[in-house]
Amino acid sequence: MKTLTHEQLNSLEQDLNAIRDEVRADLGDRDARYIRRIIRLHRTLAVGGRLMMPLGFIPPVFTAAVASLGLSKIIENMEIGHNVMHGQYDWMNDPALHSQTYEWDTVCTGDSWRRTHNYEHHTYTNVIGKDRDYGYALLRLNDDHKWRPAHSLQFINYILLTVFFQWGVGLHELEFDRIRRGEIRLSEKKQFLKEYARKGGRQGFKDYVFFPLLTLPVAPIVLAGNISANLIRNLWSSTVIFCGHFTEDAETFTEAECENESKGQWYLRQLTGSSNFTGSKFVHMLSGHLSHQIEHHVFPDLPAHRYPEIAPRVQAVCKKYGIHYNTGSFAGQYGTVLKRIAQYSLPDKLRLKLSPQTA
Amino acid sequence: MLSLLEKNTPLRWLGKQLFNRDDPAAFFDPLLERINPLWVRQYVPALVESVVDETADTKTFVLRPADRWAGFEAGQHVSIGLDIGGVRYNRTFSLSSAPGQWAADGSVSLTIKRLSGGLVTNWMHDNVSTGSILGIGEAFGDFRVPETQEPVLYIAGGSGITPVLSQLQTLAASHYRAPVTLLYFVRTQADIIAAETLTALSQRWPALTLNIIATDEGEHPEHLSTTLLDRVPDVAARRCYLCGPKGLMDIAEELLVQRGIDQARIHSTFFAVPKAALDGDALGGAVHFSRSKIQVTSKGDAVLLDIAEAASLTPRHGCRMGVCHQCSCRKTSGTVVNRLTGKASGPGEDTIQLCISVPQGPVSVDI
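**Here we look at the sheet that holds strand β10 (residues 239-243) of chain B**
All names here are of chain B.
Stage number 1. If you walk across this open sheet you meet the five strands as β9-β8-β7-β10-β11, and the pairing is parallel. Taken across any chain shown, the strands that pair with only one partner, and hence form the sheet edges, are β9 (208-214) and β11 (266-269). In this sheet, adjacent strand axes meet at a mean angle of 15° when their direction is disregarded.
Stage number 2. Together, β7 (152-157), β8 (180-186), β9, β10 and β11 form the strand contacts of helix α6 (residues 161-173), whose direction differs from that of β7 by roughly 150°.

As structure tokens, then:
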């Protein structure tokens, strides 16, 4: 783990605060116009996708409808929902963009997400045992967890998680691993399960019952199209998220390391525990700007479209303190994620023999 | 058609399922506002039809609210919503037109004076023009015209004339016969708002006695006094309506009560003037947690989350360091200082993070 002196940490904190304050002071029309333009794009794609879907018996129309609806779900989840719920647009004072009341187009309820993601994941980023997003209690991604034979099949778990990502994310707060270990009781999660069922039911009803039935003669086509759109969204969002913290160089931390942490140490942990990937403007937008995961983790409540603008400055700060700024191409970063999942599915002895550098 | 998504219960339920929001009809706003801004459902939009100069620093904005707006009674206020620099502001103004005008042609008027240092009023003067869209809330307020024929006294100061204008026009239109006197205080003759309307009213409506007093003019500047009230015939028998700066309203109420007028027959309506920002030392203040009905006093730079917890409240929160926004909630009034940036909030309704907000004077929070 990268360590800095007390003075360096203080000055790191000041440098990053300065960037944040400057952006905050500059928030205004430009940011409001941006997010409203994105919301308009989402509505256009969503309405367009739903309208085209019943004509999906014409193959090119089916492709266009699935792409349109899939993109709309991606944009709503990544660039609108995720970012609005972080409070990035609370300053606009628009009730429709309020972090505490926004509800997004996915199975996970906004409230559950605000607890598990905004609070747990963003506060305890990559702290093993505290950040439940690290491997989702489903994957072994470092050697802090003892290898068990079941881990050898974890690549299958990964495929299942990524295909059914919205259902997995929705169930995240159940903490099934802790229930299995007897740390908590299922009955404590009754309220959560009720809300999960309600929101999951709502999402399933919409895409798999209501819209297919509405267009009964072509119901199978609409059903298939809606499943495909959800699948595209699941694959993309899980891939983006995995690239944010599970790449080769993304560091992990122990609870002891983070006790009585200062804000400077918290910044350092966010910088070294996150990873970016490069891409076009459109790819950045589709990722909800989580392609700038580092900037997002340092400034989770700044409007995300600002991340590419401040990235050079964050990179310069990293350079100043000798902190590794973890970035690379999308394919390159995703490759290291897949490698990590595969490597840690092996017993430590075998892993170290095959790739000694992971020691 | 979209109103069905709001009013029809099964359709509203369906809309909630499909669009994940309590106001499903507003899902289409971003598309509809491009076609016709008056089709927006999130708030009731109003089209600015014209802007008229009243005085050097006062303008009347004539608005046409969307059809679903429910109307108002003379003397009531509305909350006006508008976006400035990407931020939505809501401010309360009195309607200066009579309900009869709205019934006849669907328009209402706001008469607004520039407040020195006021963000919203200055912005409206400088930027709102014919064709602009403003949000308009439902009318509220119990500053209402008398129900029966009885003598009336209006005391208005400055832009406090606006709800009075609405009432006078309403009374005139109803051929009100009991005597009505208006004492209207302005700084100079040039500050008279709606001078033509007032003159025209007094000419065609014999019941009205108009007395406009310019306080900063003449050799002997005149203010509200016993002598002035003595000139109003049978003042003790009148129902009184007061609207103006706090100083004027306080004196008026005192003088009227001295003359034995029952408090129940004195109607006041305030319009707030924003206070200047306090200096950095003046932190802390009376904190009102409105939903829990708890009032406490805070000292120094304690943040609202700590203050709430000290008062045995358990507001939702997370990181306690301004990161996760779990504790974001509505501040309904008062000023808070952001502990991270040192910046003070505005005095009105706002979303704040409890864990980094320090009260600066009295604050009311919706928890």
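On we go from here.
**Considering the environment of Pro359 of chain B**
Residues and elements named next belong to chain B.
Stage number 1. The residue Pro359 is located in strand β16 (residues 357-365) in this model.
Stage number 2. C-alpha of Pro359 to C-alpha of Ile112: the two residues are 247 residues apart in sequence and 30 Å apart in space.
Stage number 3. Among residues more than four places away in sequence, those in contact with Pro359 are Leu283, Gly284, Val287, Ser298, Ala302, Leu304, Ile307, Thr335 and Val336.

**What about α6 of chain B?**
Stage number 1. In a regular helix each residue adds 1.5 Å, so 13 residues correspond to 18 Å; α6 of chain B covers 18 Å between its end C-alpha atoms and thus fits that length.
Stage number 2. Counting buried positions over the 13 residues of α6 of chain B gives 10, a clear majority of the element.

**Here we look at the interface of chain A and chain B**
Stage number 1. Across the boundary between the two partners, chain A contributes 45 residues, which contact 36 residues of chain B.
Stage number 2. Interface of chain A and chain B: buried area, both sides summed, is about 3400 Å²; carbon and sulfur atoms make up 51% of it.
Stage number 3. By the criterion of area lost to chain B, the three top residues of chain A are Arg40, Arg43 and Asn93 of chain A, representing 20% of everything that side buries.
Stage number 4. At the boundary of chain A and chain B, one finds three salt bridges.
Stage number 5. Of the charged contacts, one joins Arg88 of chain B and Asp94 of chain A as a salt bridge, the two residues approaching to 3.8 Å between their closest N and O atoms.
Stage number 6. Counting residues per element, the ones that place at least two in the side of chain A that touches chain B are α1 (6-26), α2 (29-52), α4 (110-123), α8 (190-214) and α10 (263-273) of chain A.
Stage number 7. The element best represented in the side of chain A that touches chain B is α2 of chain A, accounting for nine residues.
Stage number 8. Here the side of chain A that touches chain B is built from residues that sort into 14 nonpolar, 12 polar and 19 charged.

**Re the nonpolar core**
Stage number 1. Residues Leu12, Leu16, Tyr89, Phe242, Leu271, Phe299 and Ile323 of chain A are the most contacted members of the largest nonpolar core, which totals 71 residues.
Stage number 2. The residues contacting Leu16 of chain A, other than those within four sequence positions of it, are Tyr267, Leu271, Val298, Phe299 and Val317 of chain A.
Stage number 3. Membership of the second largest hydrophobic core comes to 27 residues, among which are Ala156, Val180, Ile192 and Ala214 of chain B.

**Brief notes about the sheet that holds strand β4 (residues 87-94) of chain B**
All names here are of chain B.
Stage number 1. The strand order across the open sheet formed by six strands is β4-β3-β6-β1-β2-β5, and the pairing between neighbours is antiparallel. The open sheet has two edge strands, β4 and β5 (108-113), and neither has a second partner. Averaged over all adjacent pairs, the angle separating strand axes in this sheet is 40°, with direction ignored.
Stage number 2. Direction of pairing for strand β3 (residues 77-84) relative to β4: antiparallel, over a ladder of eight bridges. Among the inter-strand pairings, His77 is bridged to a residue of β4, identified as Ser94.
Stage number 3. Where helix α5 (residues 119-127) meets the sheet, it contacts β2 (58-65), β3, β4, β5 and β6 (133-136), and its direction lies at approximately 75° from that of β3.

**Quick notes on the pattern of salt bridges**
All names here are of chain A.
Stage number 1. Summed over the entire model, instances satisfying the criterion amount to 46 salt bridges over all chains.
Stage number 2. One salt bridge connects Asp94 with Arg36, and the closest N-O pair in it is separated by 2.9 Å. With Asp94 in the loop between α3 (59-85) and α4 and Arg36 in helix α2, the pair connects residues that are 58 residues apart, well separated along the chain.
Stage number 3. One salt-bridge network, in which partners are shared between bridges, spans Arg132, Glu175, Asp177, Arg178, Arg181, Glu183 and Lys189.

**Here we look at the confidence of the model for chain B**
All names here are of chain B.
Stage number 1. In this model, chain B carries a mean pLDDT of 90, and residues with pLDDT of at least 70 account for 97%.
Stage number 2. When pLDDT is averaged over each element of chain B, β2 comes out on top at 98 and helix α1 (residues 3-7) at the bottom at 84.
Stage number 3. Of the regions scoring below 50 in pLDDT, residues 272-279 engages in three contacts with residues more than four places distant in sequence or in other chains.

Each value, and the rule that gives it
Residues numbered from 1 in each chain as written. Chains lettered and ligands numbered in written order. Predicted model: local features only at pLDDT ≥ 70, side-chain atom pairs only at ≥ 80, totals over all residues. Heavy atoms only, no water. Pairing = 2+ DSSP bridges. Helix = DSSP H or I, 4+ residues; strand = E, 2+ residues; numbered from the N terminus. Axes fitted to C-alpha atoms, helices over the stretch in contact; angles between N-to-C directions. Contact = heavy atoms within 4.5 Å. Expected span 1.5 Å × (residues − 1). Buried < 20%, exposed > 50% of the residue type's maximum accessible area, 1.4 Å probe, protein only. Buried area = accessible area lost by both parts, 1.4 Å probe. Salt bridge = Lys/Arg side-chain N within 4 Å of Asp/Glu carboxyl O. Nonpolar A, V, L, I, M, F, W, Y, C, P; charged D, E, K, R; others polar. Core = buried A, V, L, I, M, F, W, Y, C linked by side-chain atoms within 4.5 Å. pLDDT = per-residue confidence, 0-100.

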